[in-house]
Amino acid sequence: MTALVLDTITKIFPSAEGPVKVLDGVSLQIAPGSAHALTGDSGSGKSTLLHIAAGLEPAQSGRVLVAGTELSAQDDAGRAALRRGRLGLIFQQFNLIPSLSVAANLAFQARLSGCHDAAFTDHLADRLGIAELRTRYPEQLSGGQQQRVAIGRCLAARPALVLADEPTGNLDEGTGDRVLDLMLDLTAEAGTALLLVTHSPRLAARCDHRHHLRAGRLEGGA
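Residues numbered from 1 in each chain as written. Predicted model: local features only at pLDDT ≥ 70, side-chain atom pairs only at ≥ 80, totals over all residues. Heavy atoms only, no water.

Turning next to the overall build of the protein. From N to C terminus, the protein includes seven helices and ten strands. Taken over C-alpha atoms, the radius of gyration comes to 17 Å for the protein, in line with the 17 Å a tight globule of 222 residues would show. On the principal axes, the C-alpha backbone points of the protein span a range of 55 × 35 × 35 Å. Put simply, the protein has 222 residues, and 50% of those count as buried. Surface summary for the protein: the accessible area is close to 10000 Å², and the carbon and sulfur share equals 49%. For the protein, the distance from the average site of its 21 positive side-chain charges to the average site of its 23 negative ones is 2 Å. (Helix = DSSP H or I, 4+ residues; strand = E, 2+ residues; numbered from the N terminus. Rg over C-alpha atoms; globule rule 2.2 N^0.38 Å. Buried < 20%, exposed > 50% of the residue type's maximum accessible area, 1.4 Å probe, protein only. Areas by Shrake-Rupley, 256 points an atom, 1.4 Å probe, with all protein chains shown as cover. Lys, Arg positive; Asp, Glu negative; His and termini not counted. Charge placed at Lys NZ, Arg CZ, Asp CG, Glu CD.)

As structure tokens, this is what we get:
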């Protein structure tokens, strides 16, 4: 089953000069276990496309299917349930819960989706190099450590698809490269599909497939 299908997605925003078509019939399919990078100039619609894929924002037209489930056929509760289970989100902002320990943050999404597996969460903590930090709290961690926790929290729920919006944008280059290495390794290991939004051609080149958003349309796909 295809992890993500975007079928002729169109998005129009109002402006002082009139309607602006940010996305113009964008189509994309992502297979399980594959990593796709999405690049484009600032304001090209990369984050908008990611939000539409996550069911956080509606499109004017087109279809979105996540692991075979069509988002438009779901109500708000159904889309939220999909995000808790089949869909993982990673952003620049780590969005960890300050009052919870690293261990509790790691388990949070998996517990919400009813699929918490302590052994798998421990495996993720080991692979991410944060096992010894499990009793700490987010404020006691570096930026790179917080992003590793955010990745672990996302993957602990075993999503079919991970959508990542500039996940290394708040990290220095060396730390960002190491975090991306781990994310690519872990998603491939789990058979999880990845759509990574990045402004960096260097980081995009690390993915299996690369797409560039220009004038509302996708270019590339190699």
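So much for the structure itself; the text now carries on.
So, on to the pattern of salt bridges. Per the stated rule, a full pass over the model turns up 13 salt bridges. The partner of Arg79 in a salt bridge is Asp76, with the nearest N and O atoms 2.5 Å apart. Of this pair, Arg79 and Asp76 both sit in helix α2 (residues 76-85), three residues apart, which is roughly one turn of the helix. In this structure, Asp122 engages Arg134 in a salt bridge whose closest nitrogen and oxygen atoms are separated by 2.8 Å. Within this pair, whereas Asp122 is found in helix α4 (residues 118-127), its partner Arg134 is found in the loop between α4 and α5 (143-156), the two being separated by twelve residues in sequence. Classification of Asp122 as partly exposed rests on a relative accessible area of 36%. (Salt bridge = Lys/Arg side-chain N within 4 Å of Asp/Glu carboxyl O.)

Quick look at the environment of Ala53 now. Within the secondary structure, Ala53 sits in helix α1 (residues 46-53). Judged by its relative accessible area of 0%, Ala53 falls in the buried class. Each C-alpha atom, one on Ala53 and one on Asp76, is 14 Å from the other, the two residues being 23 residues apart in sequence. Non-local contacts of Ala53, meaning those with residues more than four positions away in its chain, are made with Leu4, Leu6, Val64, Val66, Leu71, Leu87 and Leu163. (Contact = heavy atoms within 4.5 Å.)

Turning to the side chain of Thr168, a few remarks are in order. The residue Thr168 is located in the loop between β7 (161-165) and α6 (173-190) in this model. Overall, Thr168 belongs to the buried group, its relative accessible area being 12%. Non-local contacts of Thr168, meaning those with residues more than four positions away in its chain, are made with Gly176, Val179, Leu180 and Leu203.

Burial runs high along α1: six of the eight residues are buried. Considered for burial, the residues of α1 that qualify are Lys46, Thr48, Leu49, Leu50, Ile52 and Ala53. Gly55 lies just past α1 and shows a positive phi near 75 degrees.

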